[in-house]
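Residue-level listing of the chains:
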There are 2 protein chains.
Amino acid sequence: GNEAAAKVAYALSEVVAIYPITPASTMGELADAWSASGTTNLWGAVPEVVELQSEAGAAGTLHGALQTGALGTTFTASQGLLLMLPNMFKIAGELTPAVIHVAARAIATHALSIFGDHSDVMAARTTGFAMLCASSVQEAHDFAAVSHAATLRTRVPFLHFFDGFRTSHEINRIDLLGDDDLRSLVRPDDIAAHKMRRLRPTAPVMRGTAQNPDVFFQAREASNPYHDAVPATVEEVFAELAELTGRRYGLVDYEGAPDAERVIVMMGSGSGAVGETVAKLVADGEKVGLATIRLFRPFPTEALLAALPATVSSIAVLDRTKEPGAAGEPLFQDVITTFAESDRPKVRIIGGRYGLGSKEFTPAMAKAVFDEAARADPKRRFTVGIIDDVTGLSLDVDDDFQVDHPGRSAVFYALGSDGTVGANKASVKIIGYEPDLYAQGYFVYDSKKSGSMTVSHLRFGPEPIRSTYLVQEADLVACHQFGLLDHFDVLADIRRGGTFLLNAPFAADELWEHLPRTLQRRIIEQELRVFTIDAARIARELKMPGRINTIMQPCFFALIDVMDVDRAIGAIKESISEAYGRRGRLIVERNDAAVDLALAELTEMVVPSELADESVADTLDVLDGVAIHDFNERAFVEKVTMTMIAGQGDLLPVSAMPIDGTYPTGTTRFEKRKLALQIPVWEPDLCIDCGKCAVVCPHATIRMKAFVPSALDGAPEGFLSKSFRSRELDGHLLTIQVAPDDCTGCGICVEVCPAKDKTQVKRKAINMAPADEHRDVERERWHFFTSIPELDRAAISHDSVKNSQLLEPLFEFSGACS
Amino acid sequence: GNEAAAKVAYALSEVVAIYPITPASTMGELADAWSASGTTNLWGAVPEVVELQSEAGAAGTLHGALQTGALGTTFTASQGLLLMLPNMFKIAGELTPAVIHVAARAIATHALSIFGDHSDVMAARTTGFAMLCASSVQEAHDFAAVSHAATLRTRVPFLHFFDGFRTSHEINRIDLLGDDDLRSLVRPDDIAAHKMRRLRPTAPVMRGTAQNPDVFFQAREASNPYHDAVPATVEEVFAELAELTGRRYGLVDYEGAPDAERVIVMMGSGSGAVGETVAKLVADGEKVGLATIRLFRPFPTEALLAALPATVSSIAVLDRTKEPGAAGEPLFQDVITTFAESDRPKVRIIGGRYGLGSKEFTPAMAKAVFDEAARADPKRRFTVGIIDDVTGLSLDVDDDFQVDHPGRSAVFYALGSDGTVGANKASVKIIGYEPDLYAQGYFVYDSKKSGSMTVSHLRFGPEPIRSTYLVQEADLVACHQFGLLDHFDVLADIRRGGTFLLNAPFAADELWEHLPRTLQRRIIEQELRVFTIDAARIARELKMPGRINTIMQPCFFALIDVMDVDRAIGAIKESISEAYGRRGRLIVERNDAAVDLALAELTEMVVPSELADESVADTLDVLDGVAIHDFNERAFVEKVTMTMIAGQGDLLPVSAMPIDGTYPTGTTRFEKRKLALQIPVWEPDLCIDCGKCAVVCPHATIRMKAFVPSALDGAPEGFLSKSFRSRELDGHLLTIQVAPDDCTGCGICVEVCPAKDKTQVKRKAINMAPADEHRDVERERWHFFTSIPELDRAAISHDSVKNSQLLEPLFEFSGACS
């Protein structure tokens, strides 16, 4: 979505003011990259892309550029949009053509959320900008063009928005507008008129004056005709776009039964889920429909009335925002106003919130809304998608309600660093380029910066894909990291009879007993086929350790059955050649070999009919051994934190959440991610006690303690220590210890370690070693290490501390996290 | 209003974060001054007042202070409030008690406006703050206390707002809340609870986390009960306030006929004008009423329905904001929603805008709204207070409709620097302290920084004064500056038989022929009594030149007949003693003498029955002699600019205004303010050609030209010049000339002039001299001076220019403004 919008924005701009903010950053980054590489806009010039110190600066730059007659744009979201508001009021007040593209995102309230909803754009609805909402990747592309064309025709600036992540980060097959299309939509006369209005010394005018009470109000009304003209102009541009491309849009688009009684009114990506629901329900004979608002400001009152069948008696308006204390959410109030002032017989209108902070919004939820709209005494205000056991606003959702899709779907569990997302994006493209095949990719990241889990949701099929929610009954689930099975129920959303592809360090005939029992149960009950491959081993053997994506991708194509496997393998090899060709033939050949080996080694496991007698524990009891001082805190951590860590946060009801965003501290200790593939191992005989490893560790997972020898009582066998070289602490021992389950394996400790073995140049006092070989031993050592008492600081004279450089890291860093 | 609110805010705060912005600055300035002088809050501590780098910083400081458990507040308006939005979302999301006091002001759009409307607070309605609106000075005081009390009880932060200027800058007699009142409203337990929630190392918690899609939505709903509880809590605090003070407020207050059919719903100061109108119309038997919204967020749906009589069939909602493209303005949509969801039979609701940028809002306009609400086919959307000949939204207003007031009113025309406003504020206080007398003062400034005209509007009477509009039929009009008569129709709003007090440099029996004919006509037709005094002369004679306020104030009391004159004179002398006591007895005696002399010299003019045969021109034809290159520009200047300069901008229709705030440049040349009492006069024989006077003049009204002697052909008699001391420009002459009608009389030119007469220490090459003696001559010289051609720069070699320090100012400053 971001690329689809940015492509148009860049082609139609001379000045692009940027400042990065998730999820809009991609638009600015692309524009910046295009400008740097000399890509030209529609008129053969390279747009000037300027990164400012904040979104306030970006908005000011846009405002200034527009006043010089430049065609200008910017991209933002959330708080970034808030910082643009002062300039937006002025840009609109001065009737200056401009487009701000927004990947709509939640505004930080009780907590920050980088995810999507409409609270940011709703905070901008007072500015006087026109607002056009795209609800799919194709629309993000089309409406970007419509916005740039319409703003030049109307002089009213446009805020073009689409849902953060759900649309901005979705990959989908779209039809691109060509230069000729854009040239046809954006009329030279409008551009010339804009440029004639620029501030210039040869025909000076004055803007940005101060007006007193005598004339401000009159002047504020003088622009009315320009705003009034926007809806008709947008319709005009829509019509021209339809002429060029065949894609027809209205200010409000209706779909569903022509004699619908119940209708949902909404805007944004959620209309994909509702549209699918409507299609299914109408096919079942229900009289329901969906009105999708395209132009939100100026609000298209007449178009909304015209779009809705006269038979409608019950409307549910869905808002993806929350304004505490409002008489109703914004779109709801607009619809209420529209009907209250119309000649229609009284229609019952209820309003609900959904999808805040990218909360999933599924056909089952849409169905729940239609059900509510059918009730004699519905909730006037509701939420959907959560369980509200506090104010009771939420609707019950029947999760069994699902929409059937032609085509196939797949879900991939992997780690952020293992290349899976990149490979999946490539797969979507390979399939999307096939004639008559559509493809969609959507990628869920947790918000850990390093070693995060990624879940890829892919759909393919013969029809355009408008499912704007996660895959629910996957034909194929792939798990690219065996370790994830301990923590996540990766088969929760696979269809009966589906395929499970597992990268495992075990042969097919040894695999079963290594699977968690939950998984075994699901495999049997769901009658799954299970395929396995030891991708890590193959990668190591091919001297490309860790690069499992090249191995897993062909396995996926072999199993998903969506296109000819040979064609797919050919395409993969082509992309390998493109990606690595510059690095030499050897690399290309290794990757090609990986592809071939993958297909050769992929093995189907024979699924036993019974659970294995023994297997790994279903869940790790990570609370064990952790001191929790407060019962309530423990209860909170058990109920809330651990549920979230287990990826089940969606199930938490409203009552489980802090009312004001206040959390207990130090709960990261309950989340042992064990994501390091290599961990540091200490060699006491080489150590010079400098403590640099402990100082630099970005996750504070290497720790240093000095202690009296008696502290070693009860130490596990092989616990390491050495004499502490300190005059002040005579007779003390020193241990440097890693917390193996917290370490991310970055290796910075090794890099800073100055203690080299004189005989072996590469050996230091800290060295990285395979985690699977060392983790258990180091964990036992770590547990003992944490029990060694801290030195009594009072017993050490201040002077001696001050004079001992060696002690600095000790006292700076010990005890910060126990 | 600002002082009334700040007094409470200061008493109830520990940290006050400030940044100045009109019209809220006074609140911050007062808090700063109180803190500097050691004034304590309710608990005996001196609040910390911190001025930040912008309102963004003030909001951040407030947010941070609140998290430490401090009781915090800030003051702002307009763009300042926009900069606070990001922090406001967080303060509200974290359920942190806080109050932001806003003197509501227009947001800059096509033009900046420092004046009042609700566009700023409306842009903050998405934040989750509760919003409480005061509509008078008393309410600004009371509701400040209610806000601080209610925020502590509910944990929902409050935005307390009142109309910029109309309320923030109105002086009115109010009852102050005592410390015991405040102590009773603000409960210790609530404060303790707030402090227990503070961030602290001894009981650490975490706030400001990031939440992912799994739980953000649930957490966003978890605070619902807190917002839901706000209306009842505000009612509870209102009830306690009533118990303490007898002043009763509701969430929505209704006044008018108990069986009203037509009702206006609104909030803010305009309810004063509507309330008076309702009282008059109901007395005339009309079934009308007014519902004033106090609590705007959370919107008090039930209270609104409860407040309005069941008989209401037609509602007009007035919004003091404009959101181009909205389906309706915010309050209008809230009322629509309220009724659409109620069981009431269908009520017709129309919505209008009024008072943008402090546009006057009078009883006549309120009457026009009631008239519209009575029509069979009213405008669904309208404006009132302007003439909209573009989109036809405005209502016709019958300006003859006025409300009768008990008591007296007075209007004063003066200059910003002459002390009139200060004296009038003192007069309001003198009268306000009388038992059973109420007083109101409101002061209209133009936005010129220096030498601006001020118009003071004073009302006095036996009843509380809630007329929230300018005085319309003044009992007394005083003009403290004779020069203003040329430009302004100072008697436009005087009642028949009223009193005109004029500070004039003419004796009573010589005055008539010096008055503009318009004024003469009004005096005769309106049967006015005219009193005159030469205050400037008296002030000079008492060696306090320019300080005419001490002389005009007793004249006002002698004529207005609102309280015993002797008591008033006594109070004036007391205030003189207070104000000047520290400066010594001589100053006090002079001022006392001025008071006595004023009463002695105040003389009534015998009004002739006929216009004088000759008098000064009615209007200056300032366009004469100015080169206007473009017909359209001239038309614009004549129609718009000159109308505004003449103080008649209110009469300009919408079509007269630029749609986007674009103006022709250089139109200040059409506004000859002639406000200098002293102007600089040049002495060529002392001048050393340095040009410093021209360099430093802040209004560029002193200019320097070098020219060939032949350029003096046609010079007026006595035009001054001297030989230009320059090797490069041999044989040239030099003239330094003031533009006497543009000069503001600041005297900086004299201060920088280094050319002193060696015999007379105080005489320089530029000296200030009385403007009335020199203006005509200098104006003639100025006109000739502007006709002297500029030197041909190309004829002067670059090197010679570079080497001639003398020429620098010449080339820097000549020609910048012709």
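Quick caveat: nothing in here was measured; it's all calculated off a predicted structure.

Caption draft 1: Highlighting the overall build of chain A. Tallying secondary structure elements over chain A gives 28 helices and 28 strands in all. Taking 2.2 N^0.38 as the reference for a compact globule, 818 residues should give roughly 28 Å; the C-alpha atoms of chain A span a radius of gyration of 30 Å, in line with that estimate. For chain A, the C-alpha atoms occupy an extent of roughly 90 × 70 × 60 Å along the three principal directions. Residue burial in chain A is summarised as follows: out of 818 residues, 59% are buried.

Caption draft 2: Looking closely at the interface of chain B and chain A. The interface of chain B with chain A comprises 103 residues on the first partner and 103 residues on the second. Taking both sides of the interface into account, the surface hidden between chain B and chain A amounts to around 9200 Å²; carbon and sulfur atoms contribute 59%. The largest contributions to the chain B side of the interface with chain A come from His-110, Phe-217 and Ile-659 of chain B, which together make up 8% of the buried area. Here chain B is connected to chain A by eight salt bridges. Asp-660 of chain A is paired through a salt bridge with Arg-155 of chain B; the nearest N and O atoms lie 2.6 Å apart. The element contributing the most residues to the side of chain B that touches chain A is helix α4 (residues 78–93) of chain B, with eight residues. Residue composition of the side of chain B that touches chain A, grouped by class: 50 nonpolar, 29 polar and 24 charged. For strand β8 (residues 205–206) of chain A and strand β23 (residues 663–664) of chain B, the ladder comprises two bridges, and the chain directions are antiparallel. Looking across to β23 of chain B, one finds that Val-205 of chain A is bridged to Pro-664 of chain B.

Caption draft 3: View of the relation of the copies chain B and chain A. By a simple turn and slide, chain B fits onto chain A: the slide is 0.1 Å along the axis, the RMSD is 0.3 Å, and the turn is 180°. Classification of the inter-copy transformation places it as that of a two-fold axis. The overlap is high: 100% of the interface residues of chain B also sit at the interface in chain A, so the same surface is used on both sides.

Caption draft 4: Region of interest: a positive patch on the surface. Together, Lys-346 and Arg-380 of chain A together with Lys-346 and Arg-380 of chain B give the surface a local cluster of positive charge. Within the element layout of this structure, Lys-346 of chain A appears in the loop between α14 (330–340) and β14 (348–354).

Caption draft 5: Examining the side chain of Ser-35 of chain A more closely. Residue and element names in this part refer to chain A. On the secondary structure map, Ser-35 appears in helix α2 (residues 25–36). Of the residues examined, Ser-35 reaches a relative accessible area of 18% and is grouped as buried. In this view, Ser-35 contacts Tyr-10, Val-46, Pro-47 and Val-49; residues no more than four positions away in its chain are not counted.

Caption draft 6: Structural detail: the sheet that holds strand β26 (residues 722–723) of chain A. Residues and elements named next belong to chain A. The strand order across the open sheet built from three strands is β25-β27-β26, with neighbouring strands paired in antiparallel fashion. A single partner strand is all that each edge strand has here, and the edge strands are β25 (702–707) and β26. Summarising the sheet, β25 and strand β27 (residues 733–738) pair through six bridges and their orientation is antiparallel. Looking across to β27, one finds that Arg-703 is bridged to Gln-737.

Caption draft 7: Broad picture of unusual backbone geometry. Residue Pro-23 of chain B follows Thr-22 of chain B across a cis peptide bond; omega there is -5°. Tracing the sequence through the fold places Pro-23 of chain B in the loop between β1 (15–18) and α2 (25–36). In this structure, the amide linkage connecting Arg-297 of chain B to the following residue, Pro-298 of chain B, adopts the cis form with an omega of -10°. Within the secondary structure, Pro-298 of chain B is located in the loop between β12 (295–297) and α13 (301–307). Of note in this structure, Leu-95 of chain A is not a glycine but carries a positive phi near 50°.

Caption draft 8: Summary view of the packing of helix α21 (residues 565–580) of chain A against helix α22 (residues 585–601) of chain A. Residue and element names in this part refer to chain A. Remark: α21 packs on α22, axes separated minimally by 9 Å, with the N-to-C direction vectors making an angle of 155°. One element, α21, and the other, α22, form an angle in the roughly antiparallel class. In the packing of α21 onto α22, the handedness of the crossing is right-handed. Contacts from Ile-569, Ile-572, Lys-573, Ile-576, Ser-577 and Tyr-580 of α21 reach α22 at Ile-587, Val-588, Asn-591, Asp-592, Val-595, Asp-596 and Leu-599. Partitioned by chemical class, the residues of the contact of α21 with α22 number eight nonpolar, two polar and three charged.

Caption draft 9: Representation of helix α1 (residues 2–11) of chain A within the structure. Of all ten residues that make up α1 of chain A, eight are buried, and the element is covered over most of its length. Among the residues of α1 of chain A, those classed as buried are Asn-2, Ala-4, Ala-5, Ala-6, Val-8, Ala-9, Tyr-10 and Ala-11 of chain A.

Caption draft 10: Spotlight on the packing of aromatic side chains. A complete count under the given rule lists 28 aromatic pairs over all chains for this structure. Judged by centre distance (5.7 Å) and plane angle (70°), the ring pair of Phe-636 of chain A and Tyr-663 of chain A falls under edge-to-face. Of this pair, Phe-636 of chain A sits in helix α23 (residues 631–645) while Tyr-663 of chain A sits in strand β23 (residues 663–664), and the two are 27 residues apart along the sequence. With centroids separated by 5.7 Å and ring planes inclined at 45°, the aromatic side chains of Phe-238 of chain B and Tyr-249 of chain B adopt a geometry described as tilted. Of this pair, Phe-238 of chain B sits in helix α11 (residues 230–245) while Tyr-249 of chain B is found in the loop between α11 and β9 (252–256), placing the two residues eleven residues apart along the sequence. Comparing Phe-238 of chain B with Tyr-249 of chain B shows no difference in burial state: the two are buried.

Caption draft 11: Looking closely at the pattern of salt bridges. Within the structure shown, the criterion is met by 87 salt bridges over all chains. Arg-166 of chain A is the partner of Glu-170 of chain A in a salt bridge, and the nearest nitrogen-oxygen pair spans 2.9 Å. Judged by relative accessible area, which is 5%, Arg-166 of chain A ranks as buried. One salt bridge in this structure joins Arg-529 of chain B and Glu-604 of chain B, with 2.7 Å as the shortest N-O distance.

Thresholds applied
Residues numbered from 1 in each chain as written. Chains lettered and ligands numbered in written order. Predicted model: local features only at pLDDT ≥ 70, side-chain atom pairs only at ≥ 80, totals over all residues. Heavy atoms only, no water. Helix = DSSP H or I, 4+ residues; strand = E, 2+ residues; numbered from the N terminus. Rg over C-alpha atoms; globule rule 2.2 N^0.38 Å. Buried < 20%, exposed > 50% of the residue type's maximum accessible area, 1.4 Å probe, protein only. Contact = heavy atoms within 4.5 Å. Buried area = accessible area lost by both parts, 1.4 Å probe. Salt bridge = Lys/Arg side-chain N within 4 Å of Asp/Glu carboxyl O. Nonpolar A, V, L, I, M, F, W, Y, C, P; charged D, E, K, R; others polar. Pairing = 2+ DSSP bridges. Least-squares fit on C-alpha atoms with pLDDT ≥ 70 in both. Patch = residues over 30% accessible without salt bridge, like charges linked within 9 Å, V, L, I, M, F, W, Y side chains within 5 Å. Areas by Shrake-Rupley, 256 points an atom, 1.4 Å probe, with all protein chains shown as cover. Lys, Arg positive; Asp, Glu negative; His and termini not counted. Charge placed at Lys NZ, Arg CZ, Asp CG, Glu CD. Axes fitted to C-alpha atoms, helices over the stretch in contact; angles between N-to-C directions. Parallel < 35°, antiparallel > 145°, perpendicular 65-115°, else oblique. Left-handed = near helix turned anticlockwise from the far one by under 90°. Phe/Tyr/Trp six-rings, centres within 6.5 Å; stacked < 30°, edge-to-face > 60°.

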